[in-house]
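# Report on the structure
Residue strings, one per chain:
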Amino acid sequence: MLNAGAGTTQAQTYPSKPVRLLVGFAPAGPNDIVARALAQKLAEQTGQQFIIENRAGANTAIASELLVRSPPDGYTLMFVSLGHATNPALMKLSFDPIRDFAFITQVADAQNVALVHPSLPIRSLNELTAFAKQRPGQINFGSAGTGASGHLAGELFQIMTGTKLVHIPYKGAGPALIDLLAGQHVLYFTNIAGVISYIRSNRLRAIAITGEKRSPALPDVPTSAESGLPGFVVSAWYGVAAPAKTPRAAVDKINGEVLRALKAPDLRTRLLDLGTEPVGSTPEHYTTFMQNEIAKWAKVIKAAGIKGE
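Values in this document were obtained by computation on a predicted structure and should not be read as measured data.

### Some words on the pairing of strand β1 (residues 19-23)
- Of all 5 residues that make up β1, 4 are buried, and the element is covered over most of its length.
- Looking at chain direction, β1 and strand β2 (residues 50-54) are connected through 5 bridges and run parallel. Note on β2: the bridge partner recorded for R20 is I51.
- Viewed along the sheet, the connection from β1 through helix α2 (residues 30-46) into β2 turns out right-handed.
- As judged from the 4 bridges shared by β1 and strand β3 (residues 76-81), these two strands associate in the parallel manner. Its bridge partner lying in β3, L21 is registered against L77.

So this is what it looks like as structure tokens:
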């Protein structure tokens, strides 16, 4: 335990060297894009580099395992996403998803969008449902990995519409997006952040926002409810965590810097343009949020019969 004097000293000097920020997905996906935007702003504020390290695989569990094995000194952090909450119900973990982490703050909520390859004659969820019912087991949908928000969206869509799709999991949104653009799979549910440029250039077609309200980034794309499928709501979120036993002074300093970054007009504009809404929370609130997310998604995964990789 640090004494009060040591804590004060650490708060004044931290960070005094570059900070590693682990991302549990491959480069170019939405998690990576948002993490890099935040890292850049944190570097500007603190005068120290925040270096992104992509450790893809096992729906972020590989990155999580690396984090909990890292020194709890505040110099290794992780950009946490929904996979952290779904993994306990999907696989046997070598760590405790709550006790082995110091949750610092929720960063943002990220709306998801339903996309189709332009080769498909589909422009709405109703058309997708009719098209899929005529072709059971013939339509592939990709995701960033088993248990990722896009996978959960695809499973929920099938349950709600009585359709049968074929799930293709990837090691991150970047590889999944590459194959979608190439037509290797034709349906994709994902965060807006990683695909908005392809939507705007008409390389991909957005047919619905799977959130409760339209996205300012894609104001012309209707919600699921507006498309005739109320209740089809699956969004994602991002946050920052450190290894358990990280000094509270470091946790508080990073919390303060992230909250400061989220108030900066340039970062807020950037996140909103990506379809991602800045949040910011205390370590205590974020820990409670994580506990609730783990419990919620465990029920969904069990009901859908989703099995881990």
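Structure's up, so let's keep going.
### Here we look at the pairing of strand β10 (residues 236-243)
- Among the 8 residues of β10, 8 are classified as buried, and the element is accordingly described as predominantly covered.
- Looking at chain direction, strand β4 (residues 101-110) and β10 are connected through 8 bridges and run antiparallel. Bridge pairing in β10 links F103 to A241.

### Quick look at the nonpolar core
- Counting 55 residues, the largest nonpolar core has L38, L77, F79, V107, V113 and L115 as the members making the most contacts within it.
- Each residue touching L115, except ones within four places of it in the same chain, is listed here: L180, V186, L187, Y188, T190, V195, I199, L204, R205 and A206.

### Quick notes on the sheet that holds strand β9 (residues 205-209)
- Pairing is mixed in the open sheet, where 5 strands are placed in the order β7-β6-β8-β5-β9. The sheet terminates laterally at β7 (166-169) and β9, the two strands that pair on one side only. Taken over all neighbouring pairs, the strand axes of this sheet differ in orientation by 30° on average, direction set aside.
- Relative to β7, strand β6 (residues 140-143) runs parallel, the two being bridged by 4 bridges. Residue S143 lies in a different strand from β7, and its bridge partner there is P169.
- Along the sheet, helix α6 (residues 149-161) contacts β5 (112-116), β6, β7 and β8 (187-191); its crossing angle with β6, the most-contacted strand, is approximately 150°.

### Quick notes on empty space enclosed by the protein
- Inspection of every chain in the model, using the stated rule, returns 2 cavities of 30 Å³ or more.
- Its boundaries defined by the atoms lining it, the largest cavity holds a volume of some 140 Å³.
- Lining the largest cavity are 18 residues; nearest its centre among them are N31, A144, A148, S149 and N191.
- Only α2, α6, β8 and β10 provide two or more residues apiece to the lining of the largest cavity.
- When residues in the lining of the largest cavity are grouped by element, the largest group, 4 residues, is from β8.
- Residues that form the lining of the largest cavity fall into these classes: 11 nonpolar, 7 polar and no charged.
- Here the second largest cavity is characterised by a volume of approximately 40 Å³.
- Considering the residues around the second largest cavity, the lining is formed by 13 residues, among which G57, A58, N59, A144 and K171 are closest to the centre.
- For the lining of the second largest cavity, a count of residues per class yields 5 nonpolar, 6 polar and 2 charged.

### Digging into the sheet that holds β1
- Spatially, the 6 strands line up as an open sheet ordered β2-β1-β3-β10-β4-β11, and their pairing is mixed. With one partner strand each, in any of the chains shown, β2 and β11 (276-278) form the two edges of the open sheet. Strand-to-strand twist across the sheet, computed as the mean angle between neighbouring axes with direction ignored, equals 30°.

### Brief notes about helix α3 (residues 61-68)
- Among all positions of α3, only A61, A63, S64 and L67 are buried. In a view along the axis of α3, the buried residues occupy a sector of 155°, so they form one face of it.
- Among the structural elements, β1, β3, α4 (83-90), β4 and β10 are those in contact with the buried residues of α3.

### Points about the confidence of the model for the chain
- Overall, the predicted model of the chain reaches an average pLDDT of 92, with 96% of residues at or above 70.
- Low confidence marks residues 1-7, where pLDDT is under 50. Its contacts with residues over four positions away, or in another chain, come to 4 contacts.

### So, unusual backbone geometry
- Cis rather than trans, the peptide bond between Y14 and P15 has omega equal to -5°.
- Examined against the element boundaries, P15 turns out to sit in the loop between α1 (4-13) and β1.
- Notably, A28 is not glycine yet its phi reads approximately 85°, a positive angle.
- Mapped onto the secondary structure, A28 falls in the loop between β1 and α2.

### Considering helix α11 (residues 283-304)
- For α11, built from 22 residues, the straight-helix expectation of 32 Å at 1.5 Å per residue is met to within 8% by its first-to-last C-alpha distance of 31 Å.
- Considered for burial, the residues of α11 that qualify are P283, Y286, M290, E293, I294, W297 and I301. Projection of α11 onto a plane perpendicular to its axis shows the buried side chains occupying an angular sector of 110°, all on one side. Counted as exposed and oriented over 90 degrees from the buried face of α11: H285, N292, K299, K302 and A303.
- Tucked into the core, α11 has its buried residues touching β3, α4, β4, α6, β10 and α9 (248-263).

Calculation rules
Residues numbered from 1 in each chain as written. Predicted model: local features only at pLDDT ≥ 70, side-chain atom pairs only at ≥ 80, totals over all residues. Heavy atoms only, no water. Buried < 20%, exposed > 50% of the residue type's maximum accessible area, 1.4 Å probe, protein only. Helix = DSSP H or I, 4+ residues; strand = E, 2+ residues; numbered from the N terminus. Pairing = 2+ DSSP bridges. Right-handed = clockwise from strand over helix to strand, strands pointing away. Core = buried A, V, L, I, M, F, W, Y, C linked by side-chain atoms within 4.5 Å. Contact = heavy atoms within 4.5 Å. Axes fitted to C-alpha atoms, helices over the stretch in contact; angles between N-to-C directions. 1 Å grid on protein atoms, 1.4 Å probe; cavity = no way out; pocket = protein on both sides within 12 Å on 5 of 7 lines; lining within 4 Å. Points joined across faces, edges and corners; volume = space filled by probe spheres on them. Nonpolar A, V, L, I, M, F, W, Y, C, P; charged D, E, K, R; others polar. Arc of directions from axis to C-beta. pLDDT = per-residue confidence, 0-100. Expected span 1.5 Å × (residues − 1).

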